[in-house]
Amino acid sequence: MFFRGRVTRPRHMIYDCLDEELHLEDSFRIPEDWPRYLGLDFGGVHLVGIFVAEEPKTGTLYAYREYKSGNRTAAQHVDALMFGEPGRPICYGGARAEGQWRKEFREAGLPVREPKVADVWLGINRCYGVFAQKKPVKIKFFKELEYTWNQLVSYHRKTDDQGNPTDDISAKSTYHACDAARYLLASVVREHQVMIATV
């Protein structure tokens, strides 16, 4: 846990570059003319969305709203997602095999694009590149997005009998916000030259 006298995060943490001081922001009113994006992780019980706005002058992204609900029709989800939004955000969501979900949402009035990156670890690497960019910081999260933030900073790999990280994500099916962020950020932010080991 210590390297050169500095506290470090465990090796099995996936997004070990996230920092509260750098990445958390007090909320403010997002101007209506800022481009907005939405990442969705589909599910009957847990459908999760993360809303992100882009400051035009700097390109800084602000995750400003999270959505978590279940047991609703696609139309009910769309109504709840769009409530209070100034317009339709550019939306990415679902795995490649979840075309029916995208069709249902499109018919309910919210077009959802298939994410540009299908591979899980490649998508995670793209997100890592976004989170690791610090001069300037590429993305900030409003502090009230506790569910999203807690999922991102606790996302981790399974370990083997010797405590070494493996290529498997622990309890992967429970990290809905991580999947929503991956679908979105890997699709809207250009690739950064930052990679993380998968084993």
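For the structure itself, look to the data block above.
Only a predicted model underlies this, so the values are computations on that prediction, with no experimental measurement involved.

What counts, and where the lines are drawn
- Residues numbered from 1 in each chain as written.
- Predicted model: local features only at pLDDT ≥ 70, side-chain atom pairs only at ≥ 80, totals over all residues.
- Heavy atoms only, no water.
- Helix = DSSP H or I, 4+ residues; strand = E, 2+ residues; numbered from the N terminus.
- Buried < 20%, exposed > 50% of the residue type's maximum accessible area, 1.4 Å probe, protein only.
- Contact = heavy atoms within 4.5 Å.
- Phe/Tyr/Trp six-rings, centres within 6.5 Å; stacked < 30°, edge-to-face > 60°.
- Lys NZ or Arg CZ within 6 Å of the ring centre and 35° of its normal.
- Pairing = 2+ DSSP bridges.
- Axes fitted to C-alpha atoms, helices over the stretch in contact; angles between N-to-C directions.
- Expected span 1.5 Å × (residues − 1).
- Polar contact = N/O pair within 3.5 Å; in protein donor to acceptor, adjacent residues only side chain to side chain.
- Salt bridge = Lys/Arg side-chain N within 4 Å of Asp/Glu carboxyl O.

Engineer: Just checking my understanding: could you explain the side chain of H176 for this structure?
Structural biologist: Inspection of the secondary structure assignment puts H176 in helix 6 (residues 176-188). Judged by its relative accessible area of 13%, H176 falls in the buried class. When near neighbours in sequence (up to four residues on either side) are disregarded, H176 contacts D41, H46, V48, Y147 and Q151.

Engineer: Please explain the packing of aromatic side chains as it appears in this structure.
Structural biologist: Where two aromatic rings form a pair, the distance of their centres and the angle of their planes describe that pair. Applying the stated criterion to the full structure yields 13 aromatic pairs. Between W34 and Y62, the aromatic rings sit 5.9 Å apart at their centres with planes inclined by 35°, giving tilted as the arrangement. Of this pair, W34 sits in the loop between strand 3 (24-25) and strand 4 (36-41) while Y62 sits in strand 6 (residues 61-69); the two residues are 28 residues apart in sequence, bridging distant segments of the chain. A relative accessible area of 13% places W34 in the buried class. Residue Y62 is classed as buried on the basis of its relative accessible area of 9%. Chaining the aromatic ring pairs together yields one cluster made of Y15, F131, F141, W149, Y155 and Y175. Directly above the aromatic system of Y147 lies the positively charged group of K68, at a separation of 5.3 Å from the ring centroid.

Engineer: Help me understand the pairing of strand 10 (residues 165-169) in this model?
Structural biologist: Regular strands place their side chains on alternate faces of the sheet. Pairing of strand 9 (residues 157-159) with strand 10, which is carried by two bridges, proceeds in the antiparallel orientation. The residue bridging R157 from the neighbouring strand is I169, located in strand 10. Counting the residues between successive antiparallel strands, the hairpin from strand 9 to strand 10 contains five residues, one of them, G163, with a positive phi of roughly 85°.

Engineer: Looking at this structure, I do not really get the sheet that holds strand 8 (residues 139-142). What am I missing?
Structural biologist: In sheet architecture, strand pairing relies on hydrogen bonds along the backbone and comes in two forms, parallel and antiparallel. Taking strand neighbours across the sheet as the criterion, the six strands line up as 3-8-6-5-4-7 in an open arrangement whose pairing is mixed. A single partner strand is all that each edge strand has here, and the edge strands are strand 3 and strand 7 (90-93). Inspection of the sheet shows strand 5 (residues 47-54) paired to strand 6 by eight bridges, in the antiparallel sense. Residue pairing across strands places E54 opposite L61, the latter belonging to strand 6. Strands in contact with helix 5 (residues 146-154) are strand 3, strand 5, strand 6 and strand 8; relative to strand 6, the strand with the most contacts, it is inclined by about 100°.

Engineer: Could you clarify how one ought to interpret helix 4 (residues 120-132) in this entry?
Structural biologist: What sets the pattern is the α-helix's 3.6 residues per turn: residues three or four places apart point alike. Its 13 residues place the ends of helix 4 18 Å apart at the C-alpha level, agreeing with the 18 Å of an ideal helix rising 1.5 Å per residue. Judged by how many residues are buried, helix 4 sits mostly within the fold: ten of 13 residues are covered. All buried positions along helix 4 are accounted for by W121, G123, I124, N125, R126, C127, Y128, G129, V130 and F131. On its buried face, helix 4 sits against helix 1 (20-23), strand 8, helix 5, strand 9, strand 10 and helix 6. The backbone nitrogen of W121 has a side-chain oxygen 3.2 Å away, supplied by the residue at the start of helix 4, namely D119.

Engineer: Teacher, can you tell me more about the pattern of salt bridges here?
Structural biologist: The full count for this structure, using the stated rule, is ten salt bridges. Of the charged contacts, one joins E114 and R96 as a salt bridge, the two residues approaching to 3.4 Å between their closest N and O atoms. Within this pair, whereas E114 is found in the loop between helix 3 (99-107) and helix 4, its partner R96 is found in the loop between strand 7 and helix 3, the two being separated by 18 residues in sequence. In this structure, R102 and E114 form a salt bridge, with 3.9 Å as the shortest nitrogen-oxygen distance. Placement of the pair is R102 in helix 3 and E114 in the loop between helix 3 and helix 4, with a sequence separation of twelve residues. With relative accessibility at 6%, the residue R102 sits in the buried group. Because the salt bridges share partners, they merge into one network encompassing R36, R65 and E85.

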